[in-house]
There are 2 protein chains.
Amino acid sequence: MRKQALILVALAAAVLMPSATAEDGYKLWLRYDALEAGIPYLPADVVTGCTTPSATIRKSLDELDIAFASLAGEKLPQSRTAGEGSLILASRKCLDGLPQGLRPDVAGLGQDGYVIESVETGAGRALLIAGQSDAGLMYGVFDFLMRLSRSKDVRGLSVEQTPAVKLRLLNHWDNLDRHVERGYAGQSIWNWHLLPGYVDPRYEDYARANASIGINGVSLTNVNADATVLTPQYIEKVAALADVFRPYGIQVYLTARFSAPMELGGLDTADPLDDDVHQWWRAKADEIYTEIPDFGGFLVKANSEGQPGPQDYSRSHAVGANMLADALAPHGGVVMWRAFVYSAEEPEDRVKQAYTEFKPLDGAFRDNVIVQVKNGPLDFQPREPFHPLFGAMEETPLALELQITKEYLGFSTHLAYLGTLWEEVLAADTYVDGTGSTVADVIDGAFTGESLTAMAGVSNVGVDRNWTGSHFDQANWYAFGRFAWDPDVSAEAIAGDWAALTFTTDPDALDVIVDMMMQSREAVVNYMTPLGLTHLMGTGHHYGPAPWVDDLGRADWTPYYYHRATEDAIGFDRTETGSNAVARYAEPLMRRWSDVDTTPDELLLWFHRLPWDYEMKSGRSLWEELVRHYDLGVQQAVDLAEQWQRLEGQIDPERFAQTAAYLDIQKREARWWRDASIAYWQSVNGLALPEGAEPPAHDLDYYKRLEFPNAPGQGG
Amino acid sequence: MRKQALILVALAAAVLMPSATAEDGYKLWLRYDALEAGIPYLPADVVTGCTTPSATIRKSLDELDIAFASLAGEKLPQSRTAGEGSLILASRKCLDGLPQGLRPDVAGLGQDGYVIESVETGAGRALLIAGQSDAGLMYGVFDFLMRLSRSKDVRGLSVEQTPAVKLRLLNHWDNLDRHVERGYAGQSIWNWHLLPGYVDPRYEDYARANASIGINGVSLTNVNADATVLTPQYIEKVAALADVFRPYGIQVYLTARFSAPMELGGLDTADPLDDDVHQWWRAKADEIYTEIPDFGGFLVKANSEGQPGPQDYSRSHAVGANMLADALAPHGGVVMWRAFVYSAEEPEDRVKQAYTEFKPLDGAFRDNVIVQVKNGPLDFQPREPFHPLFGAMEETPLALELQITKEYLGFSTHLAYLGTLWEEVLAADTYVDGTGSTVADVIDGAFTGESLTAMAGVSNVGVDRNWTGSHFDQANWYAFGRFAWDPDVSAEAIAGDWAALTFTTDPDALDVIVDMMMQSREAVVNYMTPLGLTHLMGTGHHYGPAPWVDDLGRADWTPYYYHRATEDAIGFDRTETGSNAVARYAEPLMRRWSDVDTTPDELLLWFHRLPWDYEMKSGRSLWEELVRHYDLGVQQAVDLAEQWQRLEGQIDPERFAQTAAYLDIQKREARWWRDASIAYWQSVNGLALPEGAEPPAHDLDYYKRLEFPNAPGQGG
């Protein structure tokens, strides 16, 4: 009794100690918080069909232990025979222990699919979770646990889930010195220096989080690649990570620096048609697979922003990719070749380049190459039209690359739920196969019939205690996994699920949080890049507004290149009279976006150059409408902060306080974006502010003089 | 009842969740773990003498709440009148509420001193904690709580404590981009980008930890300074940190880049005798004190390793320091001017330089300048003799600079408790005022009669969850605070206190841990730099052995410069026949260390160049003795790992596992140091290994080829 009392004291202490065990967000959406109303369903026991469970099934059982210890205060007992109230786990390899009648037909579930359903055991009703693969089973277990965590009664459940996309990858832009390019959550979680001698337990928590949302691949290193990661010294480190991830169904990928045969191999060329180069990559692949038998493959950024590539030898992207693909093919690896390219010389309209280079290569790639295309043709801006390569490549599998980290949407401090951005892209109709051929259809292979399908998200994970720099940014990691599993799921549903797992199951509070999330990205668009404007951010670090910059190393790095504002007009003419980038889209999009009258406001200045006094659909002038959007964005940022304040007392104090501080920063920075932008536009167009609009807080020079040499996440 | 049960479930859950609430070391030595034997003393209530308690006293009361909630499961009630079992808090400003008879005489306690003693209230015996200042009272509260945490019965206690050193500072070598030079615990905890908008609660936990060991000042930025921190934008950020630290009695300091008047002020000189430069610094100081009224002052590295300084204008260090001192003096600030200098030209023996430059300036500094001197004349090596400036400056206050971060002692993975190193330095007799004038006497003002006394420790803190990269490295932070408070305390006593607060109060386990700590630094000396060898580490990153390097930009950056090994002999002759650096020490040290026969083995090759077959006191040849020391070091590393293994089950699994992994790394790296060093010495001396000694695992070329471009903590 005394001992028990002491334990309780210790428990109380652990919870009461203010900072050390405060709600710091480390647990992500896997909190398994005990529910005030009690657990909706408590299985009598767990039964598996495995005589010797695989590592993956053991981890699934561990996860049940973690969850029930937390949700119900006790782990579930394991049992050999299923009966009333049992939870049965089964997979193709894990059926033996089950009576014939309870062996589910898992053949049709696909590689990672699962079912959750009520079954009659003969001794009462039980709940069955079954996958074809052990990984599928594990995904089912996570789904089950997260439904339970959201207070859902799962007893009558009948779920069948199969992921629409085969490879669901995080791409880390992490350098070997632990700097994360475009990272706003601290250093890389990969502690290369201490690997393999010290394997941080955090790697496993990272794997759990990924597995819980279906992510099955991780590219560890920056696409601006360092060949060092391909040395034996580093392959050993990578293998240690692969060992941690394997039970969670996660494969590791590396970025391959195209010039590695020269840098590491001492060759005097990296020409993909050179035999020695071929041989070097083959040997390197063999070496990697010796250490990491389930290595996923290479992610490659070539001939883009200074990276080496096949064009250095006048070879096409296809020739380069195929060489790597041939080296990986014997081992089952794939090449993910990025289409984010623009010429080293100053090009035609930058948004046309990827199409220009890749469209002619359709069908020229090996079967184990997938071309990875950003959602838009520019670069992860707050809003772009979808990338015209989607639908244009009929014989080449395309992966969709999304940016989870918010390089252009306010870093970690601005609330910008990206679910709505991604939903917009995935639901966009390419019309290449008539109405209803969406980007999602291209990605999941419905359009091309490809079985090699993939979606990649540029990770926002770092060593910050809450993983992603802000609590709300966890939602973007979560949403990426959910969309990669099912590109047709709604952003709002994801937001609701995430918020319930993360913050509270109280319906009123959830309404507020989901509402904040759903409006947040449009708020950012409004105060940063309204009406189809784009690429207006500060140079290098991309922090804050700098629309006035017009004199960088090349024109298409400047904001001016994209807005082209003069005394008379603003916007980039991408119609026939301009760059004609619009011609890359199928009809009726081409016609619709070529005509200023049928172009939606939100893409107006992306496709058209218009006079400041152009009359908008609203009846207001373009200038008035622009200012109005800035004001709306600022007001939305104010609203977000106020909505959050209403939740005080319903959210734990630490997460409430950090989020409140961040929303205050967002509010101030929204105003900064608006004021600096308006001050600049006025300096160009000489127009007075529309009536009622507040003048900028400072003059233009003030904004121009601001410097942020130490802003986080910079490249290079 | 139902609610209680739910709370207990939630508590249990919080503790059982494996990773999120595992023992991650975040709480440092302020764990306040409930003791198995129960709390030895539970006050009836807390009584303060304050009608309106200061922020410092409120934080002291908060700390009591945190501690008793954890140690005893309940906070102490506050009461207006003291009686049987009360805990009474008092300070000069906090006496009003106490009856006349209970008002302690705090006048003699000094600025930060305190008493803890049993007093008779008239209504029973109470325990009084009293300081002259509120900070003194707070130090008393922490002392009280840490005694209680170590299971000490404090009721009969009669403690009177006054710190021997006035300014007890951490020096962070943190860049504004959050890279920590010589940091092995992740990025800087100062998130400059988010300050002042977001004030991380961790800053307060950092302040609590420092206050608990008496640290009262923090220099925030790298001594290789960036003038940017002196801009208004950054001063506002610094002020936000100062606001957090102030209640904990901690002042902030900044590193001042000597050329700031040019870089920020647009002046064309930084000449300390230029009126505009003077004026610029005065205005800058005024500006800082407007924002931070209790700003501590400037820490300056000038004319050292490429930093700008007064010598750029042919002015002395004193002229430079005095200019800054004059700017700070009206506000009560101090200048800590570092003596770690060596000429930009290739100098005489590098270990002589600081003395050569500073000794002639004795007495030339303003009253608010303190010259900050590293413990040894070279650079924080595993072993050096004490710095000959200690005792040589009779009219200049000297601060002792220690390096808490283990730049040269195995980064974060090697267990090297620095308490023994610092004890060795502090207890070293300078003989400048006869026998018994130790370095500690110089530091605490006993020798010079100075009241401006200081000790600075180069911080090992970063964003790693356990703060210092390894659990054992927390001991070095703790020990620094303890030594700064009392330079005469024993390293072993500190180790015992720390281990009991950090790991366990079990006496047998404590014996093992303290024994490990006490032998650890000598182990490192043995496998890295035995017999007075020094500076043998890898170039730039300082990771691992590289005794063969002999061709850097300047000779005194190379290991070869320090060991000078040839076929015939090894060591640096610092006697009369060599650089005569030994002459900088007072008699009898000079005579003792000049004579090879009276030089202790541990400093032998520091002062003498000797043939490989020189016969040691042991009767073995120098070569045999050297190999023997390497072997001993490797064996000690093996022993450390084995000793730790014996503690399995007595230490929580997470801290046990990480420490075990680190000790394994240390074991392997000890062997690497030994093997690489021996392979190199053999390549030079051509000698066979002594009988029984194992040959190196690889040939010398193997060790030379190892590259670590991404080792952490690099400068620049």
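Above this note sits the structure.
All values derive from a computational prediction rather than experimental measurement. (Residues numbered from 1 in each chain as written. Chains lettered and ligands numbered in written order. Predicted model: local features only at pLDDT ≥ 70, side-chain atom pairs only at ≥ 80, totals over all residues. Heavy atoms only, no water.)

**Notes on the packing of helix 2 (residues 55–71) of chain A against helix 3 (residues 134–149) of chain A**
Residues and elements named next belong to chain A. Interhelical geometry of helix 2 versus helix 3 gives an angle of 10° and a closest axis separation of 9 Å. As judged from the angle between their axes, helix 2 and helix 3 are roughly parallel. Touching Thr 56, Ile 57, Ser 60, Glu 63, Leu 64, Ala 67, Phe 68 and Leu 71 of helix 2 are Asp 134, Ala 135, Leu 137, Met 138, Val 141, Phe 142, Phe 144, Leu 145, Leu 148 and Ser 149, all from helix 3. (Axes fitted to C-alpha atoms, helices over the stretch in contact; angles between N-to-C directions. Helix = DSSP H or I, 4+ residues; strand = E, 2+ residues; numbered from the N terminus. Parallel < 35°, antiparallel > 145°, perpendicular 65-115°, else oblique. Contact = heavy atoms within 4.5 Å.)

**Here's the deal with helix 3 (residues 134–149) of chain B**
All names here are of chain B. For helix 3, with 16 residues, the first-to-last C-alpha span of 22 Å sits near the 22 Å given by 1.5 Å per residue. Among the 16 residues of helix 3, 16 are classified as buried, and the element is accordingly described as predominantly covered. Of the residues trailing helix 3, Ser 151 is marked for its positive phi of about 70°. (Expected span 1.5 Å × (residues − 1). Buried < 20%, exposed > 50% of the residue type's maximum accessible area, 1.4 Å probe, protein only.)

**Observations regarding the sheet that holds strand 10 (residues 297–300) of chain B**
Working definition: the strands of a sheet are paired by backbone hydrogen bonds and lie parallel or antiparallel to each other. All names here are of chain B. The sheet built from eight strands closes into a barrel, its strands ordered 7-8-9-10-11-12-13-14 with parallel pairing. Here the average twist between neighbouring strands, direction ignored, is 25°. As judged from the five bridges shared by strand 7 (residues 167–171) and strand 14 (residues 454–458), these two strands associate in the parallel manner. Paired with Arg 168 across the bridge in strand 14 is Met 455. (Pairing = 2+ DSSP bridges.)

**Notes on the packing of aromatic side chains**
Residue and element names in this part refer to chain A. Taken as a whole, this structure holds 94 aromatic pairs over all chains when the rule is applied. With centroids separated by 5.7 Å and ring planes inclined at 85°, the aromatic side chains of Trp 612 and Trp 623 adopt a geometry described as edge-to-face. Placement of the pair is Trp 612 in the loop between strand 16 (610–611) and helix 18 (622–645) and Trp 623 in helix 18, with a sequence separation of 11 residues. Accessibility expressed as a relative area gives 3% for Trp 612, which makes it buried. (Phe/Tyr/Trp six-rings, centres within 6.5 Å; stacked < 30°, edge-to-face > 60°.)

**What to know about the sheet that holds strand 11 (residues 334–338) of chain A**
Residue and element names in this part refer to chain A. Strand order around the closed barrel formed by eight strands is 7-8-9-10-11-12-13-14, with parallel pairing between neighbours. The sheet shows a mean angle of 25° between the axes of neighbouring strands, taken without regard to direction. Both strand 12 (residues 369–374) and strand 13 (residues 398–403) contribute to a ladder of four bridges, which runs parallel. Bridging across to strand 13, Lys 374 finds its partner in Glu 401.

**Here's the deal with the side chain of Asn 303 of chain A**
Residues and elements named next belong to chain A. Note that Asn 303 resides in the loop between strand 10 (297–300) and helix 8 (317–328). When its relative accessible area of 11% is taken as the criterion, Asn 303 is described as buried. Asn 303 has contacts with Pro 308, Gly 309, Pro 310, Gln 311, Asp 312, His 317, Val 341 and Tyr 342, leaving out every residue within four places of it along the chain.

**Some words on the pattern of salt bridges**
Residue and element names in this part refer to chain A. For the structure on display, the rule yields 78 salt bridges over all chains. Between Asp 143 and Arg 147 there is a salt bridge, and its shortest N-O distance comes to 2.7 Å. Of this pair, Asp 143 and Arg 147 both sit in helix 3, four residues apart, which is roughly one turn of that helix. (Salt bridge = Lys/Arg side-chain N within 4 Å of Asp/Glu carboxyl O.)

**Regarding the nonpolar core**
Counting residues in each nonpolar core, the largest one holds 476 residues, and the members touching the most others are Phe 144 of chain A together with Phe 144 of chain B. Beyond its immediate chain neighbours, meaning those up to four positions away, Phe 144 of chain B contacts Tyr 41, Pro 43, Leu 64, Phe 68, Leu 87, Ile 116, Leu 127, Ile 129 and Val 154 of chain B. (Core = buried A, V, L, I, M, F, W, Y, C linked by side-chain atoms within 4.5 Å.)

**Considering the environment of Tyr 203 of chain B**
All names here are of chain B. In this structure, Tyr 203 sits in helix 4 (residues 202–212). Accessibility expressed as a relative area gives 0% for Tyr 203, which makes it buried. Through-space distance from the C-alpha of Tyr 203 to that of Arg 609 is 49 Å; in sequence the pair is 406 residues apart. Setting aside residues up to four positions removed in sequence, Tyr 203 forms contacts with Ile 189, Trp 190, Asn 191, Leu 195, Leu 241, Val 244 and Phe 245. Polar side-chain contacts of Tyr 203 include one of 3.0 Å to the backbone nitrogen of Asn 191. (Polar contact = N/O pair within 3.5 Å; in protein donor to acceptor, adjacent residues only side chain to side chain.)

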